[in-house]
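Topology and contacts: notes
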Amino acid sequence: MTKDPIMAELVHRGVTIHCPQSVYIAPDIDPTRISRDGVVLHPGTQLRGADTLIGPDCVLGEEGPVTLDNAALGKRVHIKGGYVTRSALLDDVTIGLGAQVREGCIMEEQTTLGHNVGLKQTILMPYVTLGSQINFCDVMMGGGTSRRDHSEVGSGFVHFNFTPIGTKATASLFGDVPRGVFLRQKRIFLGGMVGAVGPLKVGFGSVVGAGSMMRNDIGDDEFVLTSAHDDVRRAVTPSGQMKPAKVAAIIDHNLNYMAQVRTLLLWYTSVRWVFCGRFRLGGLLNQQVQGILVKANEERVKRLRDLAVVIDDAQDRKPGTLPLRERVDAAIEALMQAELPQDEGVIANVTEPSLQRDAGYLDTMAGLDDAIVADGQAWLQSAVDVCMSAASRALGDLVVDDPGLRH
């Protein structure tokens, strides 16, 4: 019989704890945030943080030690071994041995990680599957319609999110929110041993061959296979000395990423909350996801501002023009303050099944009429457009000589 009062309370509530002597439950754990139903803690499990939340039928540590630190889990989450902090894992997520899921991650329903996968500030929409030995930081990815038709990232994939000038304004979009949340888009396939240099935008239905290096945006339904690079030897470009077109493109990618995150938050506050289930833990999980999305944009704001400072410090500014950092701040404020549209008709059509009979999110999305999906995609795209239009007006043209170079 354990002498630890919190562990004793968990056992009393129905949590299965194998070898309690090897399980650590921190004093700040709230037992009422851990489900009574089917939760299993294997030897080597550590639970820390007042925000830790564990839903029904979660199993931790089947293959190795697991640490949760202020992490939130939905139903039937299996973490076979690894570390998860300040992130949210929704229903039926599976994580292999040796994972490191750092702050700012959201893994939606039925997403899967192989072994030795590192994530940070990453959002995976339902069904997305990552192989093994992958670094996938500062990314949002969707695509696919089911567990048999899912977006896939091959083993050995690396998203490069740190630049030679020491900045991380590099977040990449694989898919998008307005189309992706409705789970009707073609899957994205990123082959094994591929590198991606962020920030990038990659369309649904795209295929990138194994061993490629992604340096440019990819449209919908494009196949890309890159060849070996030619040798290049030249002096290193001084930090911040980038061409205006390059600066404009990076800023555009970052602002678009922020707009996508705001739109996903709109989806969670107006639609997703209905599918939390008729129990308290589901509502708490939705709240934590919303908090992560807010912090995700705080991270992106910080990284974009850092880039603007580096460029300002390195480049001569024309007389009478504002520093880039001031223009970027104005664009960020406009984007974040833009009033997002609501479409009560779409919201009602999507949420009604769950309000009437507690229907699940994935089943509801799969059963939506095509017309409702089209209306919903248009609504969410209008939210992205509102954000981007507001930011563009505040930012102004960065490429004075050729405005067409801006995306």
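The following paragraphs examine the structure supplied in this document.

Rules used throughout
- Residues numbered from 1 in each chain as written.
- Predicted model: local features only at pLDDT ≥ 70, side-chain atom pairs only at ≥ 80, totals over all residues.
- Heavy atoms only, no water.
- Helix = DSSP H or I, 4+ residues; strand = E, 2+ residues; numbered from the N terminus.
- Rg over C-alpha atoms; globule rule 2.2 N^0.38 Å.
- Buried < 20%, exposed > 50% of the residue type's maximum accessible area, 1.4 Å probe, protein only.
- Contact = heavy atoms within 4.5 Å.
- Areas by Shrake-Rupley, 256 points an atom, 1.4 Å probe, with all protein chains shown as cover.
- Lys, Arg positive; Asp, Glu negative; His and termini not counted.
- Charge placed at Lys NZ, Arg CZ, Asp CG, Glu CD.
- Arc of directions from axis to C-beta.
- Polar contact = N/O pair within 3.5 Å; in protein donor to acceptor, adjacent residues only side chain to side chain.
- Axes fitted to C-alpha atoms, helices over the stretch in contact; angles between N-to-C directions.
- Parallel < 35°, antiparallel > 145°, perpendicular 65-115°, else oblique.
- Left-handed = near helix turned anticlockwise from the far one by under 90°.
- Nonpolar A, V, L, I, M, F, W, Y, C, P; charged D, E, K, R; others polar.
- Core = buried A, V, L, I, M, F, W, Y, C linked by side-chain atoms within 4.5 Å.
- Pairing = 2+ DSSP bridges.
- Phe/Tyr/Trp six-rings, centres within 6.5 Å; stacked < 30°, edge-to-face > 60°.
- Expected span 1.5 Å × (residues − 1).

The next point concerns the overall build of the protein chain. In terms of regular secondary structure, the protein chain is built from 8 helices and 29 strands. A globule of 407 residues ought to have a C-alpha radius of gyration of about 22 Å, and the protein chain, at 22 Å, matches this closely. The C-alpha extent of the protein chain, read off along each of the three principal axes, is 75 × 50 × 40 Å. Looking at the 407 residues of the protein chain, the share that counts as buried comes to 55%. Summarising the internal contacts of the protein chain: among those between residues at least 6 apart in sequence, 45% fall at separations of at least 24. Counting every atom, the protein chain has about 17800 Å² of accessible surface; 51% of that belongs to carbon and sulfur. One way to put it: in the protein chain the 40 positive side-chain charges average out to a point 4 Å from where the 48 negative ones average out.

Those residues of helix α1 (residues 5-13) that fall on the buried side of the exposure criterion are Ile6, Met7, Leu10 and Arg13. For α1, the buried positions fall inside an angular range of 125° around the axis, keeping them on one side. Counted as exposed and oriented over 90 degrees from the buried face of α1: Pro5 and His12. Against the buried residues of α1 lie β1 (16-17) and β2 (24-25). With a side-chain oxygen positioned 2.9 Å from the backbone nitrogen of isoleucine 6, the residue opening α1 is aspartate 4. Glycine 14 occupies a position one or two residues after α1 and carries a positive phi of about 115°.

This paragraph deals with the packing of helix α5 (residues 324-337) against helix α8 (residues 370-395). Orientation of α5 relative to α8, taken along the N-to-C sense of each, is 155°, at an axis distance of 7 Å. In terms of their interaxial angle, α5 and α8 are classed as roughly antiparallel. The two elements α5 and α8 meet at a crossing, and its hand is right-handed. Contact residues: α5 offers Arg327, Val328, Ala330, Ala331, Ala334 and Leu335, while α8 offers Cys387, Ala390, Ala391, Ala394 and Leu395. Looking at the contact of α5 with α8 residue by residue, the classes come out as 10 nonpolar, no polar and 1 charged.

Once that is clear, we can look at the nonpolar core. Of all hydrophobic cores here, the largest spans 68 residues; its most connected members are Ile251, Leu255, Trp267 and Val350. For this core, the elements supplying multiple residues, two or more each, are α3 (244-270), α4 (280-314), α5, α6 (344-357), α7 (361-366) and α8. Among the elements that line this core, the one with the most residues is α3, at 13 residues. Aside from chain neighbours lying at most four places away, what touches isoleucine 251 is Leu304, Leu324, Val328, Leu395 and Leu398. One finds Ala26, Ile34, Ile79 and Ile134 within the second-largest nonpolar core, a separate group that totals 54 residues.

A separate point is the pairing of strand β16 (residues 117-124). The buried fraction of β16 amounts to 8 of the 8 residues, a majority that puts the element mostly inside the structure. The pairing of strand β13 (residues 99-101) with β16 spans 2 bridges and is classified as parallel. When the bridges of β16 are listed, glutamine 100 appears paired with glycine 118. Two elements, strand β14 (residues 106-107) and β16, share 2 bridges in a ladder whose sense is parallel. Within β16, the residue paired with isoleucine 106 across the bridge is isoleucine 123.

Take the sheet that holds strand β6 (residues 59-60) next. Here 11 strands make up an open sheet; going across it, the order is β1-β3-β6-β9-β12-β15-β17-β21-β24-β27-β29 and the pairing parallel. Only two strands of the sheet have a single neighbouring strand rather than two, namely β1 and β29 (223-224). Bridging between strand β15 (residues 112-113) and strand β17 (residues 129-130) involves 2 bridges; their strand directions are parallel. Paired with threonine 112 across the bridge in β17 is threonine 129.

Further remarks concern the side chain of asparagine 70. For asparagine 70, the location among the structural elements is in the loop between β7 (66-69) and β8 (72-73). When its relative accessible area of 11% is taken as the criterion, asparagine 70 is described as buried. At 3.0 Å, the side chain of asparagine 70 and the backbone nitrogen of aspartate 51 are in polar contact. Setting aside chain neighbours within four positions, we find asparagine 70 in contact with Arg48, Gly49, Ala50, Asp51, Thr52, Arg86, Ser87 and Gln288.

With that out of the way, let us pick up the packing of aromatic side chains. Taken as a whole and judged by the stated rule, the model has 6 aromatic pairs. On the numbers, 5.6 Å between centres and 70° between planes, the contact of phenylalanine 136 with phenylalanine 157 is edge-to-face. Of this pair, phenylalanine 136 sits in strand β18 (residues 134-141) while phenylalanine 157 sits in the loop between β21 (152-153) and β22 (158-160); the two residues are 21 residues apart in sequence, bridging distant segments of the chain. A relative accessible area of 0% places phenylalanine 136 in the buried class.

It is worth spelling out the pairing of strand β10 (residues 82-85) at this point. Across 4 bridges, β7 lies against β10 in parallel orientation. Residue leucine 68 lies in a different strand from β10, and its bridge partner there is valine 84. Where β10 meets β13, 3 bridges bridge the pair, whose relative direction is parallel. Residue pairing across strands places tyrosine 83 opposite glutamine 100, the latter belonging to β13.

A few words on α3. Relative to the 39 Å expected for 27 residues at 1.5 Å per residue, α3 spans 39 Å between its end C-alpha atoms, a close match to the ideal helical length. Taking burial as the measure, the 27 residues of α3 include 22 buried ones, the bulk of the element.

What follows deals with the packing of α4 against α5. Orientation of α4 relative to α5, taken along the N-to-C sense of each, is 160°, at an axis distance of 8 Å. Judged on the interaxial angle alone, α5 and α4 are roughly antiparallel. As for the relative orientation of α4 and α5, their crossing is right-handed in sense. Contacts from Asn297, Val301, Leu304, Arg305, Ala308, Val309, Ile311, Asp312 and Asp313 in α4 reach Leu324, Arg325, Val328, Asp329, Ile332 and Met336 in α5. A per-class count over the contact of α4 with α5 returns 9 nonpolar, 1 polar and 5 charged.

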